[in-house]
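# Structure at a glance
Here is what each chain is made of, one letter per residue.
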Amino acid sequence: MKNIFFTAKQKLAIWSIAMLSLGGATTSCSDWLEMPSYTSVDQDTAFESEESAELFVMGCYRGLVPSELIYQLAAGETVTHSCEDATTNNSKYAICNWSFDPYKPNTVTTLYSEGYSSIEQANIAIRELGNMPETEKRNQLISEAKAIRAYVYLNLIAYYGDVPAIWIPLNEMGHDEGFYPKRSDRDGIYDQIVADLQEAGTNLPWFEESGYTTTERFTKQSALALLARTALYAGGYSLRWNLETNDPSTLQVKRRDDAARVQELYKIADDACAQIINHGYNGLITTQDQTMTNFQYLWYTYDQRQFTNLNKEILLSLAQYGDVTNSKFGLYAHPGTRGGKYGSRKALQFMLPTYYLSFKENDCRRDVTCVPYSIYFLEKGSSDDTWVDVGTTYSCIMAGKFRMSWTVGPESDANKRNINIPILRYPDVLLMYAETQAYLNGGTPTSESINALQEIRNRAGIGDEPIPTDAQGFEDALVQERKWEFGSELNLRTDLIRMGRIKKELDATKDAMKRLSKREGEYSDISTLRLYKFHVDAQEYGDKFMVPEYIDITSTVETSIIENVPVQETDEDADAFQIRKDAYQQELRTIVEAHGKTWTQGDIWYPCHMFEAYNSTFNGQGRKAAGFGQGYNQLQIGNIIYTKPTGYTENGGEFPIWIEASDGSDGLYYGFTENCSELMPFANQTTGHPMVDNPNLTQHPGYE
């Protein structure tokens with residue numbers, strides 16, 4: 001029996017290898033994720049046959065997406081932002097605003113260790129499979145393990161830059177190189193994983209020939225897509241410095257120095273995307289269901305775990321189901337809910353209103369990705385209470401792709417939402433192809449570039465929007481399209497860095513938020529009042545509800561009527577107050593019908609001042625007049641946003657702290673420093689952190 005365990009004093013621990021039993025190649029994730037697991041002491045047994053070796057490789061998927069990629073690093077990319085209670089001084093908020101401190105909790109602490117745990121698992125699989133007789137199946141399993149390892153290395157480099165390169169199991173390495181590895185040049189790692197993925201793109205079967213029913217394992221399509229993504233990162237921009245001197249003055253965001261290799265990497269990415277596109281199996285999911293838009297159908301079907309309907313678009317997702325394997329994905333990016341069928345789940349991420357307002361009028365992606373509502377009870381939250389999809393303000397636009405009501409629901413633990421983690425989608429292939437085609441043509445988009453972008457826009461419902469044909473305009477369009485298409489999906493932050501756009505995009509977003517707050521520039525005519533239609537939440541998993549019906553009000557006449565909200569007088573009885581509320585609803589009916597909406601018996605509408613805090617006096621009175629009871633001024637989302645306005649005037653003549661603090665110490669992206677924040681430092685606070693455990697590691701020179 002090979003012993004791959006080490007003592008507690010040896011600094012780089014080897015984690016258990018969790019292998020998941022599979023009843024057959026076509027078994028769904030909901031079956032195999034619930035099977036028994038094995039540990040690394042079964043290593044010899046695991047590789048006695050290809051069948052058991054396959055179980056080992058499947059176990060390597062479990063750590064593919066560490067939780068910190070979801071709750072720490074899935075925001076701060078000009079689309080999604082963090083919200084917490086009471087204070088801005090917490091790790092998620094700091095990291096969202098690009099403020100890193102290796103000696104405090106506000107730096108990522110487990111991405112490194114969990115990443116190398118996954119790499120160790122993959123290295124064991126690759127080595128042991130290599131000792132087995134060569135067959136087509138064995139070669140496929142080796143390539144699958146290499147693809148898993150490549151994905152982990154891609155994330156590590158994207159967030160830390162030059163990291164240790166470990167290609168063999170640690171029990172086969174010398175003491176120092178195994179337990180105290182130094183940083184390795186990232187370009188060497190990139191070149192190795194690019195080669196590994198090229199091999200995987202040759203050895204792995206096309207999905208439709210694989211025998212799999214879902215795209216929860218690497219196939220040729222997903223390996224090629226990951227190859228394209230990796231090649232673009234390898235040839236793209238990143239923060240670099242002199243590894244020998246670790247001199248802070250050498251910090252610079254740039255591409256690798258080998259221009260010929262950069263060109264070659266873009267060609268590799270281009271060819272990989274072309275293979276997928278020309279193969280002809282994959283495409284963008286659309287629907288004939290008239291009750292849903294194309295984009296709603298995509299994500300509703302995804303949340304409902306009807307994966308076989310999505311195999312042509314979802315190239316790879318990380319399986320999450322049941323009690324054994326089920327991350328907290330979906331617990332952070334959602335509308336927020338208080339009690340009821342879905343339990344009390346606080347939303348910890350929100351969508352910046354500038355992003356919400358950036359969508360074109362007919363873009364069906366907006367109301368899927370961004371939702372101006374949260375779920376709250378009408379009275380006290382008792383079992384017989386009514387739950388409402390309550391309309392929110394601009395500071396409370398919530399994430400919607402993974403909303404609780406669209407899911408199949410938790411089996412037992414409400415912390416486990418059974419939502420697979422999306423890793424690769426076909427639109428990414430199209431946008432990468434559009435980008436590589438333009439780059440290889442000197443920056444000017446080719447007809448293939450334009451067609452690829454057009455295909456995505458057609459599905460979104462904005463196919464008539466003009467596509468720029470100049471180099472800068474087309475690059476700008478690609479960046480914006482990535483934001484519209486991939487909001488709440490984990491990769492936007494590092495994509496902006498590898499495209500050399502991060503500072504430009506952060507600065508532009510800060511400026512836009514200030515203009516919105518003051519209602520200046522493109523926001524000078526924006527409506528401040530919105531009428532929401534009262535909507536009872538179905539409290540059923542699988543509810544297809546999208547967003548509350550609403551009307552944005554710009555007319556001064558209508559505004560004066562709406563602002564005259566009835567407020568119960570101290571000595572006024574309930575009946576008299578109800579008469580005034582009914583009269584107010586009749587006035588609102590006139591406005592609603594004037595905007596082309598149908599008023600049905602029993603309809604109730606209520607006003608919301610979009611630039612005030614959700615719990616402002618006016619907004620509270622508006623909801624109370626519509627029948628909200630004791631909980632009318634609360635939401636189950638971080639109160640740093642729902643108790644704060646968006647408007648400069650509404651905040652007493654200064655920006656709200658989440659936009660910009662008066663002394664500059666807080667606000668959007670307050671921690672970002674060019675040529676420093678593009679990469680994170682290694683944690684250096686306690687045992688278990690890389691800089692404490694490994695004396696051979698050097699720190700990011702901007703944080704020494």
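These notes cover the structure that comes with them. Note that the structure is a prediction, hence the values are computed from the model and not measured.

### Details of the packing of aromatic side chains
Under the criterion given, the structure shown has 31 aromatic pairs. Relative to tryptophan 406, the ring of tyrosine 300 has its centre 5.9 Å away and its plane inclined at 75 degrees; by these criteria the two rings are edge-to-face. With tyrosine 300 in helix H13 (residues 294–303) and tryptophan 406 in the loop between strand E11 (398–399) and strand E12 (421–425), this pair connects stretches of sequence that are 106 residues apart. By relative accessible area, which is 0% here, tryptophan 406 ends up buried. Put simply, the rings of Tyr112, Tyr116, Tyr153, Tyr160, Trp167 and Phe682 pair up and form one aromatic cluster. One cation-aromatic arrangement involves lysine 312 over tyrosine 281; the distance from NZ or CZ to the ring centre is 5.5 Å. Geometry around tryptophan 406 places arginine 403 over its ring, the cationic atom sitting 4.0 Å from the centre.

### Here we look at the nonpolar core
One finds Phe47, Leu64, Val65, Leu129, Tyr153, Tyr160 and Val163 to be the most contacted residues of the largest nonpolar core, which totals 190 residues. Ignoring sequence-local partners within four residues, the contact set of valine 163 consists of Tyr116, Tyr153, Leu156, Ile157, Lys182, Arg183, Ser184, Ile189 and Phe682. Leu529, Ile562, Phe618 and Ala625 belong to the second largest nonpolar core, which has 14 residues in total.

### With respect to unusual backbone geometry
With a phi angle near 55 degrees, asparagine 246 is a residue other than glycine that sits in the positive phi range. Note that asparagine 246 resides in the loop between strand E4 (238–240) and strand E5 (252–254). In this structure, asparagine 418 takes a positive phi of about 60 degrees despite not being glycine. With relative accessibility at 1%, the residue asparagine 418 sits in the buried group.

What counts, and at which threshold
- Residues numbered from 1 in each chain as written.
- Predicted model: local features only at pLDDT ≥ 70, side-chain atom pairs only at ≥ 80, totals over all residues.
- Heavy atoms only, no water.
- Phe/Tyr/Trp six-rings, centres within 6.5 Å; stacked < 30°, edge-to-face > 60°.
- Helix = DSSP H or I, 4+ residues; strand = E, 2+ residues; numbered from the N terminus.
- Buried < 20%, exposed > 50% of the residue type's maximum accessible area, 1.4 Å probe, protein only.
- Lys NZ or Arg CZ within 6 Å of the ring centre and 35° of its normal.
- Core = buried A, V, L, I, M, F, W, Y, C linked by side-chain atoms within 4.5 Å.
- Contact = heavy atoms within 4.5 Å.

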